[in-house]
Amino acid sequence: MKPAKPELLAPAGGMEALKAAVENGADAVYIGARAFSARGYASNFSEEELEQAIDYAHLRGVKIYVTVNTLLKEGEVESALILLSRLREMGADAIIIQDPGLIALSRKYLPDLPLHASTQMTLHNSEGVAFAKELGIERVVLSRETSLEEIRKIKEKSDMEIEVFVHGALCISYSGQCLLSSLIGGRSGNRGYCAQPCRKKYRLYCAGKQVKTDGSYLLSPMDLNTTSGLGALIEAGIESFKIEGRMKRPEYVAGVVRIYRRLIDRYVKNPAGYSVFEEEQETLTQLFNRGFTSGYFFENPRGKLMSRENPHNRGIPAGTVVSYDRRTKRIRVKLSNTLRLGDGIMVENAETRPEDKGKIISSMYTKKGPVYSAGKGEVIEIPFDSRAPSGSTVYRTHDKKLMDSLKKESESETLRPKIPICLTATLTPGKHARLEIKDSDSNAVTVESEYLVEEAKKLPTSKAQIEKQLTKLGNTLFEAVELNVSVGGDIFIPVGQLNELRTKAVLQLENLRTSKWKRKPLENLQLPAPGEKKAKEIEETEKIEETGKTAERKEIKEIKARKLPKKPLLSVTAYSFEGLEGALAGGADCIYFGEGLFKRPNTVENTVGNTAGNAAGKENKPEVEEVSKMELDTSRDPGSIFESAVLKARAASRKIYFNTPKIVKDSEMEQVEGLLSRAEKFGADGVLVSNLGTFNLAKEKKVPCIADSPLNIYNGYTFDLLLQKGAEMVVLSPELTLEELKEVATYGPVEFIVHGRLELMESEHCLVGGLLGKEGSKCSAPCASGNFTLVDEKNYEFPLLMDYQCRTHLLNSRSLCMLEYIPLLVESGVASLRIETLGMDSAEEIRRVTAEYRKAIDAFCETGEKVKEKCESLGKVFTAGHYFRGVQ
């Protein structure tokens, strides 16, 4: 049996790219509105253009998915819902969406609008997919790190439609889990404005010494290309193959879509004979590449994932620099490929000035003088202001002939097959001529002429003449594959009347093909307030009793009578038993215990200090024995450290929750189930969950849980959804300002992270292992040899941690500290303030930091006193994060 043909889903950042995608064979196109799109730097579509785009695609039998896939601040939710309502009316086939609060509102108020879960939701396991289905999602775009084997497992457990990326740029971080651009420059990837700091230069340090690496772009992955393994993806039954590239030019879209269209059709037609032609692969390489990888579908690519030497498009090799003439400022190049005027080039190792990056060739010379083009083996001279060492490779990054060809062919509107139609005409003397047109999608229209058919007096209009005129479809989208003409005797009808009849029918069919997708407007769409405001809970006793918060109401009234704020909990993460002891000694009310989540280096030497400044010119390459990947440390003796942690917390009359991993594949879920079981067995208060899969698992097993910040809780609607689904409390996104946090805090129990190194990204790629480890099935675990940091071009230092599954966690270069702002935080109505201890040196540091916050909270809540201690008392360099500056 032939495999089912997957949908080919193309990107479009503007109308030209949309037309290129449709013309070159896309089954569906995803586009973005001007607001709330995860590609904010693309030109995107105005509201008027959105409707034009939807109609254009539907007329040609192509679906349109609109991306509304950013996180929404409180004041934006209403506008986003109104946008979705308009897109519903326009006939959008689906919305690609990230914000859980907007998903919940859409299902309630726009139930007939299909929703697809964006890859920004970090869905990567069966439990997460099940939760998405419960929310009303029809399709999930899985994380790019999900392997083919894991996709098969997900499909075995769910009938949810699956969409995966098959070509284009890769993120080094799990999508939806990157704060690097946000915290460095205030431009959030979760809001569509990623500044791509992962494509910048970094240096690796270990124990104060710089480590030699191949290349300096240590966070820059290659581009995804699955052409060689496309058959396996088709056989897996994946419903949609997605091409990345809404920021790419229309010619790129045209070329990539055209080739993947051919390859999908080729495999489905003849799986055994499937192959990728050399010229097809060369075209993909020429259009854009940073080097190609098949990603994580078939194996963990380790170091082969990365493009460390060049983060830009490298095109294809075109020649080698023979020499550079400083006097004439020309490079002499021996060509290995054709170059033409208008082509773009990049020279490897050149001291490139901005004007020579992606330089367009405006003139070139051979010994005979100026030439338009030159081929393999010829030596040419090209004006080039930057010095280029002999032997450097010259890459052709822009092929003018190819791009011109793709543009011309796409604009011709002759590539896409015409829509087959069946015409049935009836012509009877004394009656109106009647024409029915039916297309291959079962759309049918019937029209009649105003003209009454005459009985022929001299020369009758022949059946052949009628057929000829009715099938003259010219530049329309249709072609007649079947024609039935019924003529009642000898008749006469002018040619112009036949043409008018045909034109009228075609226009009505076109209108039907677009209008049938449109939906009737909704009346009085009004946004409800999320949850119950605390102010209302205080005033309305019956509502408090309904939610079991009568005691809280009394406490709030008593506090208000004293004119003192309610005291929030002080929570502390602890990733070792020693850290737990330090937190309890410092006065923590609640512990999030995460023993075994992160690997501990064999050395205790600290490198979080000024390693970059102290280690200039030093290099170190650790050597370690080969070891296998760790497992989550929940398998010790049942009377182990987890039980001891609970007993320790209970002895101090403190709460304790077990921390769970942010990323949990299906193959790892059993270990998390064990952790949940231990939480119940040992009497922990519950678990801290960081992805929708573990949240769903905790809900199913009825284990109390707190929804952590990686769930990207931005607004009261998401907060309300998670509380309805069983969360006791939510930890709000660190991208929100204090004022935005306060707004959500009025809806119920929320936690703010107030101290510690925020995690900037989590990557499936083990950065240290990829750079220093041995190739093979086992990792040589170089991360165990010491503390590693990344240092950027401004000498900011970012600590690296590896977890139990060898994933990389990048921490911020500066620790968040809000110690001096405790009064503002307490007055916001927050239920809990949290200290994050990742990257802290010792249990004593944890105790000291916890004690300072304990003192500040107690002083303000018990006496109204503001403590004088500032962040400087805890160290040298701190940041207030986004509390006062926010994100774009």
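What counts as what
- Residues numbered from 1 in each chain as written.
- Predicted model: local features only at pLDDT ≥ 70, side-chain atom pairs only at ≥ 80, totals over all residues.
- Heavy atoms only, no water.
- Helix = DSSP H or I, 4+ residues; strand = E, 2+ residues; numbered from the N terminus.
- Expected span 1.5 Å × (residues − 1).
- Contact = heavy atoms within 4.5 Å.
- Buried < 20%, exposed > 50% of the residue type's maximum accessible area, 1.4 Å probe, protein only.
- Pairing = 2+ DSSP bridges.
- Axes fitted to C-alpha atoms, helices over the stretch in contact; angles between N-to-C directions.
- Disulfide = S-S within 2.5 Å.

## Considerations on helix α20 (residues 669–681)
Then step 1. Relative to the 18 Å expected for 13 residues at 1.5 Å per residue, α20 spans 18 Å between its end C-alpha atoms, a close match to the ideal helical length.
Then step 2. Where α20 is buried, its residues touch α5 (126–135), α19 (641–651), β31 (655–659), β32 (686–689) and α21 (692–700).
Then step 3. Of the residues trailing α20, Gly683 is marked for its positive phi of about 80 degrees.

## Some remarks on the pairing of strand β11 (residues 240–243)
Then step 1. Of the two faces of β11, both are covered, the one formed by Ser240 and Lys242 as well as the one formed by Phe241 and Ile243.
Then step 2. Sheet analysis places strand β1 (residues 7–12) next to β11, joined by 3 bridges and oriented parallel. Opposite Leu9, over in β11, you have Lys242 as the bridge partner.
Then step 3. Across 4 bridges, the pairing between strand β7 (residues 161–168) and β11 is parallel. Bridge assignment links His167 to a residue of β11, and that residue is Ile243.

## Section: the sheet that holds strand β37 (residues 788–792)
Working definition: the strands of a sheet are paired by backbone hydrogen bonds and lie parallel or antiparallel to each other.
Then step 1. With respect to topology, 6 strands assemble into an open sheet ordered β9-β8-β37-β38-β39-β36, the strand pairing being antiparallel. Edge positions in the sheet fall to β9 (209–211) and β36 (759–763), since each has one partner strand and no second. Here the average twist between neighbouring strands, direction ignored, is 30 degrees.
Then step 2. By the bridge criterion, 5 bridges tie strand β8 (residues 202–206) to β37 in an arrangement that is antiparallel. The residue bridging Arg203 from the neighbouring strand is Val791, located in β37.

## Focus on the environment of Leu224
Then step 1. Along the polypeptide, Leu224 turns up in strand β10 (residues 223–225).
Then step 2. Relative accessible area serves as the criterion here: at 4%, Leu224 is assigned to the buried category.
Then step 3. Put simply, Leu224 and Asn190 are 34 residues apart on the chain and 21 Å apart in space, counted from C-alpha to C-alpha.
Then step 4. With sequence-adjacent residues up to four places away left out, Leu224 is seen in contact with Phe165, Val166, His167, Gly168, Leu170, Phe292, Thr293, Ser294, Gly295 and Phe297.

## So, the state of the cysteines
What we call a disulfide is simply a covalent bond connecting the sulfur atoms of a pair of cysteines.
Then step 1. Across all of its chains, the model carries 1 disulfide by this definition.
Then step 2. Paired by a disulfide, Cys817 and Cys871 hold their sulfur atoms 2.1 Å apart. Between Cys817 and Cys871 the disulfide shows an S-S torsion of about -95 degrees. By sign, it is left-handed. Taken together, the residues span a long stretch of sequence, with Cys817 in strand β40 (residues 815–817) and Cys871 in the loop between α26 (843–863) and β42 (878–879) at a distance of 54 residues.
Then step 3. On the basis of relative accessibility, which here comes to 3%, the residue Cys817 falls in the buried class.
Then step 4. The thiol of Cys171 is not disulfide-bonded; the next cysteine sulfur, from Cys198, is found 6.5 Å away.
Then step 5. Overall, the relative accessible area of 40% leaves Cys171 in the partly exposed class.

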